[in-house]
Number of protein chains: 2
Amino acid sequence: MTLRLRPLNLNREIMELKSYLKDRKALVEAEMSKSIGDSGIPETLQKAMNYSLEAGGKRLRPILVFAGAEAVGGSHDMVMPAAVAIEMVHTFSLIHDDLPAMDDDSLRRGKPTNHKVFGEAHAILSGDALLVEAFSVLAGACNSSNQENILSVVSDLAHASGGRGMTGGQIIDIDSTNRKIDEAELTHLHMLKTGALLRFSCTAGAKLCGATEDQIEALDNYGRDIGLAFQIADDILDIEGDQELLGKDVGSDQGNLKSTFPSLIGLDESKKRSADLIERAISGLSIFDEKAEPLRLLAKYIIERKS
Amino acid sequence: MTLRLRPLNLNREIMELKSYLKDRKALVEAEMSKSIGDSGIPETLQKAMNYSLEAGGKRLRPILVFAGAEAVGGSHDMVMPAAVAIEMVHTFSLIHDDLPAMDDDSLRRGKPTNHKVFGEAHAILSGDALLVEAFSVLAGACNSSNQENILSVVSDLAHASGGRGMTGGQIIDIDSTNRKIDEAELTHLHMLKTGALLRFSCTAGAKLCGATEDQIEALDNYGRDIGLAFQIADDILDIEGDQELLGKDVGSDQGNLKSTFPSLIGLDESKKRSADLIERAISGLSIFDEKAEPLRLLAKYIIERKS
């Protein structure tokens, strides 16, 4: 991938980022298991929810929640509910996206999709339950000192995941299948479908740690840029990626006649576009000190990842 | 229906209740249309969401929110977000319940079900979006003076609608289809599947109006009792009801080999059971003055309704 940016090619940076990602992935995964495991949810539902929640994945969204909190000097404890909540919403969206009535996928992260294991009814309901659980975890984290921030993040999560965000993007995606859309429409679609949750992730942790308006605005811009770059990188991986590393079929976009950035503006221009977005994302972090270094490394990782 | 309770047989009471229900139904319906109609949600998604939201129904849950608020001297304005939110969650549940993978129903309130009109993918996503919108409406209603109450109601709504409430009940229902369950299991199932949202409705309005703990506990007990009575009445209507008034097939429970109260304890005992629950619900309201009169009339209506 051609970058004007200096890529993540120093051993030190790659090692640091790897260890950073691994640590924070473990943090959120430990907490997620606890969250569903408590009593009150019928066992068959718990199983279906946990199956998809524990199916792995990069945990990029919770990691961004942590990184946003770190950038403003906050702690992981303060933002754990938002980290867990966003991964639950993301997992809900994967379960529903994979359904026969939607993308009809049999494999996700190299494992059979939820409805293949538990049946369609349980898959629909376990998605629903994960979506609700996200709001439960978030609202349940309130105490007398953080009510205003929690409510603001609950509002943001609803905005990012509902008709004005991810679910809206999914509808636009379905409505535009098998029809040629232009670059503006494709950008809008992705800003909602994948961008909204990533953008939420970048600001949620900082908000919960009492960030200033300027800091939140800078993180929101960063989230907007890496969100779109992430999707362009996904489109590129669908062409150039390694099927085994991705855990899903490559070339599926072309097979589905989906409009993608490479199909609209070409592969080279797509690479340039994503690199430009990452460059802008990083330069917008100039108001932060070295505590935002993970966000800078993560931005590069977004377009250099292999899966 | 044999009642030890004096039934709603006085013209005055019936007229009063009719006008009460009509007024409050109009209140919440006016507000719901506004809520989805604003910009930001893609048009095809808005259409599918509004189709089911505007398909009518008794609006019993929002009316209970209002009645709970009235009982503690609160105003409709203060609780409108909860009234709208609970009807959105209820509508989401109907859309998903009707799906081919679930109950596979073609008619709801005498109209084609959501997926029959918009297709399965849009039906799944419009349900998802309504569920999220409920949290958005509720969290968006916060101001500096009501944050604690709003957050508590957001938590309650998540509890009532997710795996520990309605969605959990739906799973138990599916898991118990075509297998005989006992009365305790059936009661538990219904306490979650239909009871949880009704119970939420009875306390949410009062909580938002700053009710005391004693008042909330009394309303919670009332909601628990009318919730179960409501479901027993539904089972009875499935046997004795008028297909045209119900807007759905009668006898479907028997056709689906579903366990119901009449199938487990008999029709007469079911009628007695629901009447006992309503009697207990009403007597538990003794700490309230005449402002709780609508709740008392509503309790009787729950088991005397024809649809």
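Residues numbered from 1 in each chain as written. Chains lettered and ligands numbered in written order. Predicted model: local features only at pLDDT ≥ 70, side-chain atom pairs only at ≥ 80, totals over all residues.

Caption draft 1: Just the overall build of chain A, in detail. The number of helices and strands found in chain A is 15 helices and 2 strands. The C-alpha radius of gyration of chain A comes to 19 Å, within 12% of the 19 Å expected for a compact globule of 307 residues. Reported as C-alpha extents along the three principal axes, the dimensions of chain A are approximately 50 × 50 × 35 Å. Counting only residues that meet the buried cut, chain A has 52% of its 307 residues in that class. Here the analysis covers contacts within chain A between residues at least 6 apart in sequence; of these, 72% occur between residues at least 24 apart. (Helix = DSSP H or I, 4+ residues; strand = E, 2+ residues; numbered from the N terminus. Rg over C-alpha atoms; globule rule 2.2 N^0.38 Å. Buried ≥ 20, exposed ≤ 12 C-beta atoms within 10 Å, placed from the backbone. Contact = placed C-beta atoms within 7 Å.)

Caption draft 2: Focus on the relation of the copies chain B and chain A. Superposing chain B onto chain A takes a rotation of 180° combined with a translation of 0.0 Å along the rotation axis, leaving an RMSD of 0.0 Å. Taken together, the rotation and translation relating the two chain copies correspond to the operation of a two-fold axis. A high fraction, 100%, of the interface residues of chain B reappear at the interface in chain A, so the copies pair face to face through one surface. (Least-squares fit on C-alpha atoms with pLDDT ≥ 70 in both.)

Caption draft 3: Structural view of the environment of B:Val117. Residues and elements named next belong to chain B. Tracing the sequence through the fold places Val-117 in helix H5 (residues 114-118). On the basis of neighbour counts, which here come to 14 C-beta atoms within 10 Å, the residue Val-117 falls in the partly exposed class. Sequence separation between Val-117 and Lys-207 is 90 residues, and the spatial gap between their C-alpha atoms is 38 Å. If we skip the residues at most four places from it in the chain, Val-117 touches Tyr-51 and Pro-112.

Caption draft 4: The arrangement of unusual backbone geometry in detail. In this structure, A:Arg59 is a non-glycine residue whose phi angle is positive, near 60°. Using a count of 23 C-beta atoms within 10 Å as the deciding quantity, one classes A:Arg59 as buried. Even without being a glycine, B:Arg109 presents a positive backbone phi close to 55°. Classification of B:Arg109 as partly exposed rests on a count of 15 C-beta atoms within 10 Å.

Caption draft 5: Representation of the interface of chain B and chain A within the structure. Taken together, the 44 residues of chain B in the interface contact 44 residues of chain A. Of all the elements in the fold, those that place two or more residues in the side of chain B that touches chain A are helix H2 (43-53), helix H6 (120-139), helix H7 (147-161) and helix H8 (166-175) of chain B. Ranked by the residues each element gives to the side of chain B that touches chain A, the list is headed by H6(B), at 13 residues. Grouping the constituent residues of the side of chain B that touches chain A by class yields 23 nonpolar, 15 polar and 6 charged. (Nonpolar A, V, L, I, M, F, W, Y, C, P; charged D, E, K, R; others polar.)

Caption draft 6: Quick look at the environment of B:Ile216. Residues and elements named next belong to chain B. Mapped onto the elements, Ile-216 comes out in helix H10 (residues 213-240). On a C-alpha basis, the gap between Ile-216 and Pro-62 in space is 17 Å, while along the polypeptide they are 154 residues apart. Leave out the neighbours within four places in its chain, and Ile-216 touches Thr-203, Ala-206, Lys-207 and Ala-211.

Caption draft 7: Geometry of H6(B). In a regular helix each residue adds 1.5 Å, so 20 residues correspond to 28 Å; H6(B) covers 29 Å between its end C-alpha atoms and thus fits that length. In terms of burial, H6(B) is a largely internal element, 19 of the 20 residues being buried. (Expected span 1.5 Å × (residues − 1).)

Caption draft 8: Focus on the nonpolar core. In this structure, A:Leu138, A:Val154, B:Leu138 and B:Val154 are the most contacted members of the largest nonpolar core, which totals 186 residues. When residues no more than four places from it in sequence are discounted, the contact partners of A:Leu138 are A:Pro81, A:Ala82, A:Ala85, A:Ile150, A:Val153, A:Val154 and A:Leu157. (Core = buried A, V, L, I, M, F, W, Y, C linked by C-beta atoms within 7 Å.)

Caption draft 9: Representation of the packing of helix H6 (residues 120-139) of chain A against helix H7 (residues 147-161) of chain A in the model. Residues and elements named next belong to chain A. Taken N-terminus to C-terminus, the directions of H6 and H7 make an angle of 165°; their axes are 10 Å apart at the nearest point. Judged by the inter-axis angle, H6 sits roughly antiparallel to H7. As for how H6 packs across H7, the hand of that crossing is right-handed. Facing Ala-134, Phe-135, Leu-138 and Ala-139 of H6, the residues of H7 in contact are Ile-150, Val-153, Val-154 and Leu-157. Of the residues assigned to the contact of H6 with H7, the class counts are 8 nonpolar, no polar and no charged. (Axes fitted to C-alpha atoms, helices over the stretch in contact; angles between N-to-C directions. Parallel < 35°, antiparallel > 145°, perpendicular 65-115°, else oblique. Left-handed = near helix turned anticlockwise from the far one by under 90°.)

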